[in-house]
Amino acid sequence: MSTRRAGLVGLAGAVVLVFLVLTLGPGAVGFTVNWLWFREIGFEVVYRTELITRAALFLGVGAVSFAWLYLNLRMAQRGAVLNPTVLRLGMGTSHVNVAEVLRRFRVPLSLLLALLIAGGAAGGWLGVLRWMHRVPFGVSDPVFGRDVGFYVFTLPVISTVLGILFTLTVLALLLAGLLYWLRRDIIVAPGHVRVEASAGMHLGMLLALAFVLTALTLWLVRIPGLLYSTTGPMVGASYTDLHATLPALRIMAGVALVAAVLVVVGAVRRELFRFALMALGGYAVLSVLARGVYPAVIQNFVVDPTELSREAPQLRHHIAATRRAWGIENVEVRDLTGGAGLTLADIRANAPTIGNVRLWDRAPLLQTFGQLQEIRTYYDFVSVDDDRYWIDGEYRQVLLSPRELNPASLPTRTFINEHLTFTHGMGLALGPVNRRTAEGLPVLFIRDLPPESDVSLQVTRPQIYYGELTNQAVFVHTRQPEFDYPAGEQNIFTAYQGAGGVPIGSWLRRIVFASYFGSSKVLLSGDLTRESRVLYHRNVVERARRALPFLTFDGDPYMVIDEAGTLQWILDAYTKSERYPYAQRLADGTSYMRNSVKVVIDAYHGSVRAYVMDPAEPIVRTYARAFPGIFRPIGEMPADLRAHLRYPEDLYRVQTTLHTTYHMDEPDEFYHREDQWQIPTLGAEEQANPFAFMRRIIMRLPDEEGAEFIFMTPFTPRQKDNMAAWMVARSDGEHYGELRVYRFPKQSLVFGPRQIVNRINQDTEISRQISLWDQRGSEVLRGELLVLPVEESLLYVQPLYLRAQGGQIPELKRVIVAYQSRVVMEETLEDALAALFGGAGTIPPPAEEPAGGLV
């Protein structure tokens with residue numbers, strides 16, 4: 001017997017061990033791999049703080065939930081059951097006491113429900129951290145006078161806590177009620193309900209607690225939540241909310257407390273059922289009248305007939321809050337005369353602007369890069385980015401695209417090829433925005449493999465181990481040489497010398513990584529040694545999101561060449577909130593947004609550095625307190641990288657869209673939309689991209705001395721085609737982040753993009769030439785129409801590309817320039833300007849290009 005018992009014990013132990021491995025193993029593997037990765041980049045505090053906070057919430061909320069549910073179930077099952085509910089499972093079987101069976105499930109049921117509630121609570125770890133380390137905004141709401149930080153940090157936590165308590169109370173009430181009914185402590189008969197005294201007291205206290213929590217929710221959550229209402233003509237508390245819903249909520253909070261007292265009285269008097277019905281019914285009826293009917297009457301019969309006068313103060317609050325929340329309250333406005341015409345002298349005075357006109361669009365340039373510079377099928381250009389550099393003493397706008405390795409295009413996709421040999425991309429293609437060869441192809445300052453440069457800008461470390469296409473792990477320091485780049489009929493190999501990656505080390509780590517990556521080859525490969533390192537989470541966007549999970553990232557990371565010639569990725573990171581009172585919301589609920597952080601990721605080493613762009617911003621200050629040591633002041637960013645900071649695109653899109661309406665700061669003007677603008681489009685085919693005219697350009701702003709790198713977008717009046725204004729976001733030096741709007745006078749006509757396009761289409765010579773090209777085995781591609789402010793006027797420039805049918809290389813063949821009512825098309829921009837303004841030499845001639853010139 002002892003041997004058999006020992007065997008059974010051993011078998012049971014083995015089963016338990018397998019169960020623990022299967023259930024806890026994946027979690028342990030994930031924890032180990034994540035911890036090693038966070039330690040690699042020096043962000044352990046983020047992962048450690050998240051785990052500790054999650055665990056504390058899970059254990060704390062779980063323990064409270066279990067204790068509460070267990071005690072209530074035990075209380076509901078106390079004492080003898082004189083007349084229990086029984087079931088007969090079949091003929092000839094004994095009766096089953098349901099209440100007694102449920103007694104045995106008291107612990108597992110409480111534990112299961114507690115685990116579910118605790119798991120949900122643990123998911124709110126970030127909100128709890130924000131609340132614990134909160135800092136004030138320094139701005140008070142206009143209704144209750146609370147700091148905005150209360151709504152952003154504190155109110156969500158209060159709402160969550162009250163929600164959990166209410167859920168626990170209702171669960172306890174339902175479970176206890178069910179048990180009492182099965183024990184026959186509650187008997188429901190036609191026209192009569194009898195509740196045993198102790199059961200009535202227990203249920204009455206739970207129901208009373210539910211009413212108290214309802215009162216607290218109304219007072220602490222629903223009343224402040226009025227500042228997010230959409231009852232009126234804007235987001236925020238409207239006249240009806242303030243004069244009808246607000247007093248109604250206060251009254252209903254008092255009614256809920258009265259209902260709680262009424263339920264307790266009923267329990268004491270052993271008339272729980274009757275008093276509970278009175279409390280629930282009275283609360284429901286009064287709630288409908290106070291929170292539904294009365295506000296509707298006020299809205300329809302008091303507010304709607306005189307909405308503007310009633311809502312004027314609230315509109316003023318909404319406008320001010322929206323402008324603050326989205327950072328457009330300090331937009332500088334300058335008025336243009338609109339009457340002065342451009343002259344040759346103006347063109348010459350704005351040579352940096354004219355000399356940096358972007359005539360290569362991203363789409364055709366990406367195609368051209370792909371055909372001319374991918375070199376091998378396994379290289380891909382993902383995107384084209386705008387930037388600016390001082391090149392040979394000249395401030396130049398360039399377009400660049402990293403040459404990344406695409407494992408999906410490898411000729412043979414094996415474990416060795418994908419993870420050991422082909423580990424990185426190589427270099428980039430970079431050229432000016434306005435030059436072409438004699439064949440109409442882009443001039444490239446940096447090109448080929450290894451990267452060659454014709455200018456002062458050099459790339460010394462071209463390998464790209466971290467990029468936008470690096471979506472899988474690779475192993476370095478293995479017995480397999482790493483492919484670096486092709487050189488004629490030979491291949492050049494290299495060995496990674498960077499600081500990135502996690503050492504493979506022991507066999508235990510091998511097992512962990514093999515399990516994590518789901519590949520036995522990691523465990524069995526003879527090419528991996530103890531000195532090998534694994535590089536994972538290499539996609540720069542994913543890498544930044546994992547390192548800083550509390551930030552939101554711009555959709556356009558871009559590459560920079562620093563002074564040492566190494567490649568760095570810069571990502572714009574946002575702090576956001578959905579809780580800014582009275583502010584306009586986006587479709588995803590966001591009502592506050594700041595570009596508070598710039599993240600730099602080294603394309604070779606994979607290092608992650610986060611720089612605080614706005615040290616006064618309250619949310620990033622909160623995160624800095626919650627995760628000490630991960631943020632650096634922007635002053636510590638190297639000057640060569642700071643020179644390439646750009647105003648972020650996603651934020652600028654929102655700001656320009658909102659400014660079309662919120663430049664009107666008076667309630668009556670805002671209400672009537674008297675001067676609403678719009679971002680122009682060119683027709684139905686452009687509706688999917690309302691930001692087609694948003695451009696990064698180098699230009700000299702009116703009244704400024706030098707040219708600078710700006711983000712620009714034009715505005716037209718709503719449902720009109722003429723130009724109303726244009727807005728810029730500045731990116732250079734001390735002016736970084738400044739927003740400025742230049743307004744044209746309302747009484748003068750300044751042609752807008754749609755009107756210019758119509759004039760181009762109506763030009764007989766241009767139409768004839770385009771039709772001729774389209775009939776000779778080629779395809780004409782119209783480039784994006786550029787809106788180019790010069791002094792107080794606008795130039796419109798549109799490049800034309802020619803592509804052979806079935807070909808993939810667009811060639812830049814013509815440039816169209818429009819000014820006021822005149823339109824010309826020439827081979828180069830210089831010729832077009834000369835024809836348009838009636839003279840030659842309108843801009844300083846460019847430096848000679850060996851294969852082309854200024855277009």
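Keep in mind it's a predicted model, so treat the numbers as computed, not measured.

## A closer look at the packing of aromatic side chains
- In this structure the tally under the stated criterion is 40 aromatic pairs.
- Measuring from ring centre to ring centre gives 5.0 Å for Trp 390 and Tyr 395, while their planes differ by 35°; the resulting arrangement is tilted.
- Among the residues examined, Trp 390 registers a relative accessible area of 61% and is labelled exposed.
- We classify Tyr 395 as buried; its relative accessible area is 16%.
- Taken together, a centroid distance of 5.0 Å and an interplanar angle of 40° make the contact between Tyr 496 and Tyr 604 tilted.

## Here's the deal with the confidence of the model for the chain
- Chain-level statistics for the chain give a pLDDT mean of 88 and a share of 91% at 70 or above.
- Note on residues 840-855: pLDDT is under 50 here. Beyond four places in sequence and across chains, it has 42 contacts.

## Considerations on the nonpolar core
- Counting residues in hydrophobic clusters, the biggest one holds 171 residues, and the most contacted among them are Leu 430, Leu 548, Phe 550, Val 599 and Phe 631.
- The residues touching Phe 631, leaving out its near neighbours within four places in the chain, are Leu 548, Phe 550, Leu 551, Val 597, Ala 610, Val 612, Val 620, Tyr 623 and Ala 624.
- One finds Ile 354, Ile 766, Trp 773 and Leu 829 within the second-largest nonpolar core, a separate group that totals 63 residues.

## A look at the packing of helix 7 (residues 197-222) against helix 9 (residues 272-303)
- Between helix 7 and helix 9, the least distance of the axes is 10 Å, while the angle of their chain directions is 15°. Comparing their axes, helix 9 and helix 7 come out roughly parallel. Pair helix 7 / helix 9 crosses with left-handed handedness. Here Gly 200, Leu 203, Gly 204, Leu 207, Phe 211, Thr 214, Leu 218 and Arg 222 of helix 7 lie close against helix 9, whose contacting residues are Leu 272, Ala 276, Ala 279, Leu 280, Tyr 283 and Arg 291.

## Quick notes on the pattern of salt bridges
- Overall, the coordinates contain 34 salt bridges when judged by the stated rule.
- For the salt bridge of Glu 332 with Arg 334, the shortest nitrogen-to-oxygen distance reads 2.8 Å.
- Arg 334 sits in the partly exposed class, given a relative accessible area of 23%.
- Arg 695 serves as the salt-bridge partner of Glu 784, at 2.9 Å between the closest nitrogen and oxygen.

## Some points on the layout of surface pockets
- Each pocket or cavity is described by its volume, and for the largest pocket that value is around 700 Å³.
- Together, 34 residues line the largest pocket, and Gly 124, Gly 127, Val 128, Val 157 and Thr 160 are the ones closest to its centre.
- For the lining of the largest pocket, the secondary-structure elements that each account for two or more residues are helix 2 (44-76), helix 4 (106-122), helix 5 (125-132), helix 6 (148-182) and strand 22 (567-577).
- Per-class residue counts for the lining of the largest pocket are 20 nonpolar, nine polar and five charged.

Calculation rules
- Residues numbered from 1 in each chain as written.
- Predicted model: local features only at pLDDT ≥ 70, side-chain atom pairs only at ≥ 80, totals over all residues.
- Heavy atoms only, no water.
- Phe/Tyr/Trp six-rings, centres within 6.5 Å; stacked < 30°, edge-to-face > 60°.
- Buried < 20%, exposed > 50% of the residue type's maximum accessible area, 1.4 Å probe, protein only.
- pLDDT = per-residue confidence, 0-100.
- Contact = heavy atoms within 4.5 Å.
- Core = buried A, V, L, I, M, F, W, Y, C linked by side-chain atoms within 4.5 Å.
- Axes fitted to C-alpha atoms, helices over the stretch in contact; angles between N-to-C directions.
- Helix = DSSP H or I, 4+ residues; strand = E, 2+ residues; numbered from the N terminus.
- Parallel < 35°, antiparallel > 145°, perpendicular 65-115°, else oblique.
- Left-handed = near helix turned anticlockwise from the far one by under 90°.
- Salt bridge = Lys/Arg side-chain N within 4 Å of Asp/Glu carboxyl O.
- 1 Å grid on protein atoms, 1.4 Å probe; cavity = no way out; pocket = protein on both sides within 12 Å on 5 of 7 lines; lining within 4 Å.
- Points joined across faces, edges and corners; volume = space filled by probe spheres on them.
- Nonpolar A, V, L, I, M, F, W, Y, C, P; charged D, E, K, R; others polar.

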